[in-house]
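Each chain, letter by letter, is given below.
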Amino acid sequence: MDRHFDKELIGLNTNLLKMATLAEEAILKSTEALKNRDGDIANSVIQDDTKIDELENIVEENAIELLALKQPIATDLRFITTGMKINAELERIADLAVNIAQRVLEIEDQPLLKPLIDIPKLSEIAQKMVRGSIDAFIERDEQKAKEVILSDPEADKLRNEIQEELMNKYMLKDGTTATRAIPLLLVARHLERICDHATNIAEDVIYMVRARVVRHKKLEENGK
Amino acid sequence: MLKTKIEVKDFNFFYGDQHALKDVNLNICKNKVLGIIGPSGCGKSTFLRNINRMNDTIAGTRASGTMLIDGQNIFAENMDVVELRRRVGMVFQKSNPFPKSIFDNVAYGLRVNGRKDKEYVEHKVEESLKGAALWEEVKDRLQASAFDLSGGQQQRLCIARALAIEPEVLLMDEPASALDPTATAKIEELIQELKKKYTIVIVTHNMQQAARISDYTAFFMLGELVEYNETQKIFTNPEKEITEEYITGRFG
């Protein structure tokens with residue numbers, strides 16, 4: 001039987017996908033802004049964030065309305081509650097892209113401390129994880145979600161390497177590099193946080209698909 | 001540890017040629033609420049009415065398999081059906097008070113069972129009305145006609161009447177379907193209280209009600225028990241596709 005409710009769920013899904021597209025774009029643009037030290041792009045990331053904020057409110061109000069009026073259960077319930085959580089994660093991801101853009105504005109007039117190699121690499125991982133988590137959500141694909149979760153340690157490792165390099169090779173040797181090193185250190189931190197949010201989305205997707213909470217547990221503990 | 005109150009094994013039931021219940025197996029736990037859901041004609045009321053052999057009154061019916069209450073076969077030839085119905089009380093969809101006073105409605109079952117001493121009857125009426133969360137509303141007008149009560153109060157009066165004879169199990173066939181939301185909420189609250197003393201089996205068409213009040217849920221379809229599990233499991237992640245379709249309204 002076709003349900004009117006399904007159309008409303010599709011509406012919620014569409015808005016979440018719009019959120020995901022905007023969040024992905026924000027990471028991509030903020031990384032571009034950093035690589036080219038382009039203040040205009042950085043500013044556009046900051047300005048575009050209001051669209052994501054507005055969309056977040058729309059999705060949240062919509063989801064609360066569906067919970068109150070349709071009293072969903074089973075897969076419907078899991079989809080809506082997961083949608084609400086993913087909504088919040090995407091908004092945080094976009095905020096972190098804004099943070100990266102703000103770091104760009106701090107260093108745009110200064111020469112780069114070093115050629116950027118690892119930070120774009122970390123950004124690629126972050127984008128891949130966000131895209132992977134959203135694909136897992138769209139396709140209800142537990143395997144894809146697991147792949148996202150399993151790639152998080154790689155992001156952590158890269159962030160640590162970036163941090164060590166900036167500390168040991170630059171800041172500890174020459175304190176005057178701090179004004180250019182700290183923003184890069186923070187960018188690495190922001191990117192790594194994006195990966196954490198992508199991991200959260202992937203965990204939420206597993207809950208949606210399998211009705212099993214995997215947060216704060218190792219995947220193996222959850223029967224793979 | 002959960003104690004089984006009613007054990008159902010390979011239970012079948014027929015109305016003449018019509019096979020109404022097919023190989024039903026389930027255990028009903030003591031002091032828990034079992035919600036029975038399923039589309040109209042799926043056998044849920046038939047199942048309920050078998051627990052106190054209410055279907056005996058229908059000609060041409062036949063049961064096979066076993067249904068035990070505390071290990072005793074409900075369908076045994078030597079089962080005293082009157083005693084069984086004292087142990088297994090029933091509340092119907094439509095409240096059906098007798099054309100008597102509020103007091104006499106509750107006292108009726110006691111008197112039929114031979115308890116005539118005034119003090120005991122008065123004590124039991126008060127206790128039952130309190131148990132049914134009706135006492136405060138009627139204590140000053142116990143001699144008024146039961147028909148003066150509102151629909152929700154009449155239904156609670158019927159629950160009080162069932163409680164008076166100290167049953168062990170309460171069967172409820174859509175007890176709140178004709179009531180407004182406030183009266184429904186009162187009945188639902190009451191069920192949560194009653195399960196401390198009684199084992200409750202409730203048939204309901206209202207999914208949210210089943211989710212709110214039952215500890216276990218059984219989903220029947222076409223006379224078969226499709227899925228039986230903890231209510232939390234059925235309503236968040238049912239095992240069978242057909243259960244999911246039914247509870248989310250995709251069915252049909």
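Okay, so let's go over this structure. (Residues numbered from 1 in each chain as written. Chains lettered and ligands numbered in written order. Predicted model: local features only at pLDDT ≥ 70, side-chain atom pairs only at ≥ 80, totals over all residues. Heavy atoms only, no water.)

## What about the overall build of chain B?
Where we set the bar: Think of it this way: any DSSP run of H or I at least four residues long counts as a helix, any run of E at least two long counts as a strand, and we number them from the N terminus. The globule rule used for comparison is 2.2 Å times the number of residues to the exponent 0.38, while the radius of gyration itself is calculated over C-alpha atoms. Two residues form a contact once any of their heavy atoms are found within 4.5 Å. Counted as positive: Lys and Arg. Counted as negative: Asp and Glu, with His and the chain ends omitted from the count. Working definition for charges: the position is that of NZ of Lys, CZ of Arg, CG of Asp or CD of Glu.
The number of helices and strands found in chain B is 10 helices and 10 strands. Here chain B has a C-alpha radius of gyration of 18 Å; the compact-globule value for 252 residues is 18 Å, and the two agree. If one aligns the C-alpha atoms of chain B with their principal axes, the spans along those axes are about 55 × 45 × 40 Å. For chain B, the proportion of contacts with a sequence separation of at least 24, taken over those separated by at least 6, is 66%. Counting 33 positive and 35 negative side-chain charges, chain B places the centres of these two groups 3 Å from one another.

## Quick notes on the environment of Asn-160 of chain A
All names here are of chain A. So the rule is basically this: In protein, a polar contact means a hydrogen-donor-capable atom and an acceptor-capable atom, both N or O and within 3.5 Å, with residues adjacent in sequence counting only if both atoms are side-chain atoms; elsewhere, any N or O pair within 3.5 Å suffices.
In this fold, Asn-160 is placed in helix α5 (residues 142-171). With 28 residues separating them along the chain, Asn-160 and Ala-188 place their C-alpha atoms 8.7 Å apart. Within polar-contact distance, the side chain of Asn-160 engages the side chain of Arg-159 at 3.1 Å.

## A closer look at the interface of chain A and chain B
So the rule is basically this: Once two parts are joined, some of their accessible surface, as seen by a 1.4 Å probe, is lost; buried area is that loss totalled over both. For this analysis, a salt bridge means a side-chain nitrogen from Lys or Arg found within 4 Å of a carboxyl oxygen belonging to Asp or Glu.
Taken together, the contacts link 12 residues of chain A with 12 residues of chain B. Regarding the contact of chain A and chain B, the summed buried area is about 1,100 Å², with carbon and sulfur atoms giving 45% of it. As a salt-bridge pair, Arg-250 of chain B and Asp-6 of chain A come within 4.0 Å of each other at their nearest N and O atoms. Remark: the boundary between chain A and chain B carries seven residue pairs in polar contact (both at pLDDT 80 or more).

## Some remarks on the packing of aromatic side chains
How we decide: Put simply, two rings from Phe, Tyr or Trp (the six-membered ring, in Trp's case) pair if the centres are within 6.5 Å, and we call them stacked under 30 degrees between planes, edge-to-face over 60, tilted for the rest. Note on classification: 1.4 Å probe, protein chains only; a residue is buried when its accessible area is under 20% of the maximum for its type, exposed when over 50%, partly exposed between these limits. Over a ring means this: the NZ of a Lys or the CZ of an Arg is within 6 Å of the ring centre and within 35 degrees of the ring normal.
Per the counting criterion, the structure on display carries seven aromatic pairs over all chains. Seen from their ring centres, Phe-79 of chain A and Phe-137 of chain A are 5.9 Å apart, and the 10° between their planes marks the pair as stacked. In this pair, Phe-79 of chain A sits in helix α3 (residues 74-107) while Phe-137 of chain A sits in helix α4 (residues 118-139), placing the two residues 58 residues apart along the sequence. Each member of the pair Phe-79 of chain A and Phe-137 of chain A is classed as buried. Arranged with centres 5.3 Å apart and planes meeting at 85°, the rings of Phe-13 of chain B and Tyr-15 of chain B form a pair that is edge-to-face. Above the face of the Phe-137 of chain A ring, Arg-140 of chain A is positioned so that its terminal group lies 5.6 Å from the ring centre. Directly above the aromatic system of Phe-14 of chain B lies the positively charged group of Arg-62 of chain B, at a separation of 4.2 Å from the ring centroid.

## Describing unusual backbone geometry
The phi dihedral of Arg-140 of chain A is positive, around 50°, even though this residue is not glycine. You can see Arg-140 of chain A is positioned in the loop between α4 and α5. Of note in the backbone geometry, Arg-53 of chain B takes a positive phi value of approximately 55° without being a glycine. Tracing the backbone shows Arg-53 of chain B in the loop between α1 (44-51) and β4 (61-69).

## Observations concerning the nonpolar core
We apply this condition: As used in this record, nonpolar core signifies buried Ala, Val, Leu, Ile, Met, Phe, Trp, Tyr and Cys residues forming a set joined through side-chain atoms within 4.5 Å.
With 65 residues, the main nonpolar core has Leu-90, Leu-191 and Ile-194 of chain A as its most contacted residues. At the level of secondary structure, the elements contributing two or more residues to this core comprise α1 (4-36), α2 (39-70), α3, α4, α5 and α6 (178-210) of chain A. Core analysis: the next-biggest nonpolar cluster, separate from the first, contains 36 residues, Val-106, Val-125, Ile-159 and Leu-190 of chain B among them.

Note that all results are geometric; they support no functional claim without further evidence.
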